[in-house]
Structures are given as structure tokens and as C-alpha cells.
Amino acid sequence: VPGPCDPEDLLEGVIFGAKYLGSTQLVSERNPPTSVRMAQAQEAVDRIKAPDGESQPMTDVELFVSTQRIKVLTADTQEAMMDHSLQTISYIADIGSLVVLMARRRLPRRSEAEEKRLYKMICHVFHSADAQLIAQAIGQAFGVAYQRFLEANSIDPSQLSPGQYSRALEEQEQHNAELTHFSRQENCKDVCIRKQKGEILGIAIVESGWGSILPTVVIANLMHGGPAERSGQLSIGDRLMCANGTSLVGLPLATCQGIIRELKHQTEVTLSIVHCPPVTTAVIRRPDSSYQLGFCVENGVICSLMRGGIAERGGVRVGHRIIEINGQSVVATPHEKIIQMLTQAVSEVHIKTMPASTYRLLTGQEQPLFL
């Protein structure tokens, strides 16, 4: 794939130094002509750039570019200021020494005559002597990501064009409405648990699985008679977002376990949770068998997932065990039969899964580690 970077480096990620000027929002159609995109980029620059003669507020940052995502990190503390999945980037423009990065999210809007998809464009503006190089590298990342997708799934590019696959992705409801579930107030609540000093909460947690829109930990078991169970407000499957004001989103499982262990010294613990069922349903729209699902299964457990594929967008998670395929239980089904069912499934494929660790706990294959 032509571009300024080694394609292998883009798989791991490359870093460019830049100065962050600011961000603004525009509303746009999904795929306007390039001339409109450039006009939008210039409008974003005009909004953010200080008038001539005035000082321009700037922050030193590092731009992390890979085939999966683009991150903006503060140069001194390395904290993530922004983190965009590559597939949400609509356009990259370099205007002189400025780079405009445009990311989208859909807004529900309806015109009088017909429903039109409008997107809120979040435009970030950066200053760098390597502005053109940065824009080319991001463009190259898209090419490498698509090429690797084809290679990983043994797809002949002549059989499935980028346009065909893109249309399939557009028709696939991303993350199976997971973001909508998390944003509903009735699903999010703070739970106050009272206990004795030195007493553990009595919960076992597992990871939500790679591919979750909000990576966090899941309550996999409740200790009988423990403070968590006595509260009557927690259930297996609930996602644990925060513990006594400390966010657990995106943290490794071991770190979350350490934070929760420290709570045994407290007599009152407030947990921020999102109520979720223990079983997750992924819905994958697959026009025909030439559209590879984009994930690997070993003994019923999803062990790898293609970033940006129809399975990820449909809600499939690494580390989850498949419970059911299109209404048929596969709990006691041999590996070869599961592969055959997945290979032949087309149209709208419904897959029910749960974290493999939760499954092993519920079936008595493992003993829970209560915290």
C-alpha cells in the first residue's frame, strides 16, 4: 500500500509530533464531494485559528496513527485527549502546516420530504511541519487495514470490492445498539452497599471482552450471603463502571480487582453500574457467504476478531463463549458443527454469547474469586 510509512509499522502504530489548536463541530451529509469536505475543513480552521496578530493557544501532543485507531496524547503526561476508531474518520485535510481530522457520528434528523442521514462532524485542528506527511499516513492506514482484512479472510479483491463491503458495514447496526443501552438513564445507576469494616463485597468479576464499546468488567458471580447479594441491587451480567468514585472503564482486570480489594476497609461502598443481561445477543447482517464473518472460534469460544468487520459491528466479543446460533443451542455441540453452522449462516445471523469465564463459573468448571 503506497504511503510514507512501512505498512508493518502501521499495524502497531506510528507517532507524529504536533500542536493541538482546538476542536469544533459541524453537521454534514455522510459522503459529500471532496470540494465540500475541503470547505468544511477550512471552516473548522477559520473557527479555531486565532486572528492575525493574536496569540494562538496550542498544546504539544503526539498523534498515534494505526490501522485500528487514531489517538491524541498529551506530550508530557501521555494522557489520551481523544481516541477515534479508524472507521469513524471521514476525512483528513492538510492545509499548509495545518492538519484537520474529521470524525463523525450519526444524528437522528428527518427532513420534510424524506429521512436524511446527517452526521455531527467533530473537527480537530493540529499544527505540524509534517502536516502533509501525517495526512498521507492516515490515508495509508485505511489502505493497509483493508488489505489485511482481505488477507486474513482469504478474500480475492476481485470478488468483493471495498465499496461492496463498505455498503455492508453501513447496513450493519454498529455494536448492536450497545451505546444506546448505556446511554439510557434507567439502565445506569449508583448502588450503595453497606458492610462491616474488613468484610469483602462478595463479587467475582470478569472482563467484558475485546470489542466492547465500553471496555470494563462484568459481575460474574455473587457470594451467597455477602454484602453485594444482601443489597439486592446487583445481578450477574451487570457492568461495573466506577467504585467509590474511581473509574474502572478500560482498566485491566487485575487492576480492577486490586481497586475492589481495597474497598474491604470501607463500611460503605458506592458502585456505578449499568444493568446488562448475562447473555449478549450479537446481530450480524451478512448478505451472502462471500462476506466473511471476521472472527475465529475455538471450542465454542471466540478467540480473535477482525477490527471493523461486520461481526465486531454486530456485537461479537473476544473471550465470549457462543451459547446459541439462530435460536439453536450449541452448548454441547462439537467444534466442527459450530464452524459449519457459522459458515453456512447468511442474511441476519443471531448469536448469543456470554464471557467464557462467566460460563465456566455458572457451570461449576471454575471456583469464583470473590473480592
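Scroll up to find the structure this text is about.
These figures come from a predicted structure and were not determined experimentally.

For the overall build of the protein, give the residues involved together with the corresponding values.
When its secondary structure is counted, the protein shows 10 helices and 19 strands. Buried residues in the protein amount to 44% of all 371 residues. Within the protein, contacts between residues at least 6 apart in sequence are counted, and of these 68% link residues at least 24 apart. Here the protein displays about 18400 Å² of accessible surface, and carbon together with sulfur accounts for 48% of that area.

Can you lay out the pattern of salt bridges for me, pointing to particular residues and giving the numbers?
For the coordinates displayed, the defined rule picks out eight salt bridges. For lysine 352, the salt bridge identified is with glutamate 324, shortest N-O distance 3.8 Å. Here glutamate 324 lies in strand E17 (residues 320–325) and lysine 352 lies in strand E19 (residues 347–355), a separation of 28 residues in the sequence. Residue lysine 352 is classed as partly exposed on the basis of its relative accessible area of 33%. Glutamate 366 is the salt-bridge partner of arginine 360, the closest N and O atoms lying 2.5 Å from each other.

Outline helix H7 (residues 253–261), listing residues and values.
Among the residues of H7, those classed as buried are Cys256, Gln257, Ile259 and Ile260. End-on, the buried residues of H7 take up no more than an arc of 160°, which puts them together on one face. Here the buried face of H7 lies against strand E9 (203–207), strand E10 (217–222), strand E11 (239–243) and strand E12 (246–247).

So, the state of the cysteines: which residues are in play, and what are the values?
One pass over the structure, following the stated rule, counts zero disulfides. The cysteine cysteine 188 is free of any disulfide, with cysteine 276 supplying the nearest cysteine sulfur at 8.5 Å.

Could you give an account of the environment of threonine 77, naming the residues involved and the relevant values?
Relative to the helices and strands, threonine 77 is located in the loop between strand E3 (69–74) and strand E4 (80–85). By relative accessible area, threonine 77 is classed as partly exposed at 47%. Distance from threonine 77 to valine 61, taken between C-alpha atoms, is 9.7 Å for residues 16 residues apart in sequence. Looking at threonine 77, its side chain comes within polar contact range of the side chain of threonine 74, at 2.5 Å.

Give a detailed account of the nonpolar core, specifying residues and quantitative values.
Core analysis: the biggest nonpolar cluster contains 26 residues, and Phe16 and Phe126 have the highest contact counts within it. When residues of this core are traced back to their parent elements, those giving at least two are strand E1 (14–29), strand E2 (59–65), E3, strand E5 (89–95), strand E6 (98–107) and helix H3 (131–152). In terms of residue count, the dominant contributor to this core is H3 (seven residues). Not counting chain neighbours up to four residues away, the residues in contact with phenylalanine 16 comprise Cys5, Val61, Glu62, Leu63, Val65, Leu133, Ile134 and Ala137.

Would you mind going over unusual backbone geometry in detail, with residue names and values included?
Positive phi values are uncommon outside glycine, yet glutamine 78 reaches one of about 65°. Mapped onto the elements, glutamine 78 comes out in the loop between E3 and E4. Even without a glycine there, the phi angle at asparagine 299 is positive, about 50°. Position of asparagine 299 among the secondary structure elements: in the loop between strand E15 (295–298) and strand E16 (301–305). Exposure remark for asparagine 299: the relative accessible area of 54% places this residue in the exposed category.

Can you tell me about helix H2 (residues 34–48), naming the residues and giving the values?
Compared with the 21 Å implied by 1.5 Å per residue over 15 residues, the 21 Å span of H2 between its first and last C-alpha is a close match. Inspection of H2 places Arg37, Gln40, Ala41, Ala44, Val45 and Ile48 among the buried residues, and these make up the whole buried set. In an axial view of H2, the angular spread of the buried residues amounts to 140°, which keeps them on one side of the axis. In this structure, H2 carries Ser35 and Asp46 as exposed residues pointing more than 90 degrees from its buried face.

I'd like a rundown of the pairing of E2, residues and numbers included.
Here seven bridges tie E1 to E2, and the two strands are oriented antiparallel to one another. Along E2, the bridge assignment pairs isoleucine 15 with phenylalanine 64. Here five bridges tie E2 to E3, and the two strands are oriented antiparallel to one another. Across the sheet, valine 61 pairs through a bridge with threonine 74, a residue of E3. Hairpin connection from E2 to E3: three residues lie between these consecutive antiparallel strands.

About the cut-offs
Residues numbered from 1 in each chain as written. Predicted model: local features only at pLDDT ≥ 70, side-chain atom pairs only at ≥ 80, totals over all residues. Heavy atoms only, no water. Helix = DSSP H or I, 4+ residues; strand = E, 2+ residues; numbered from the N terminus. Buried < 20%, exposed > 50% of the residue type's maximum accessible area, 1.4 Å probe, protein only. Contact = heavy atoms within 4.5 Å. Areas by Shrake-Rupley, 256 points an atom, 1.4 Å probe, with all protein chains shown as cover. Salt bridge = Lys/Arg side-chain N within 4 Å of Asp/Glu carboxyl O. Arc of directions from axis to C-beta. Disulfide = S-S within 2.5 Å. Polar contact = N/O pair within 3.5 Å; in protein donor to acceptor, adjacent residues only side chain to side chain. Core = buried A, V, L, I, M, F, W, Y, C linked by side-chain atoms within 4.5 Å. Expected span 1.5 Å × (residues − 1). Pairing = 2+ DSSP bridges.

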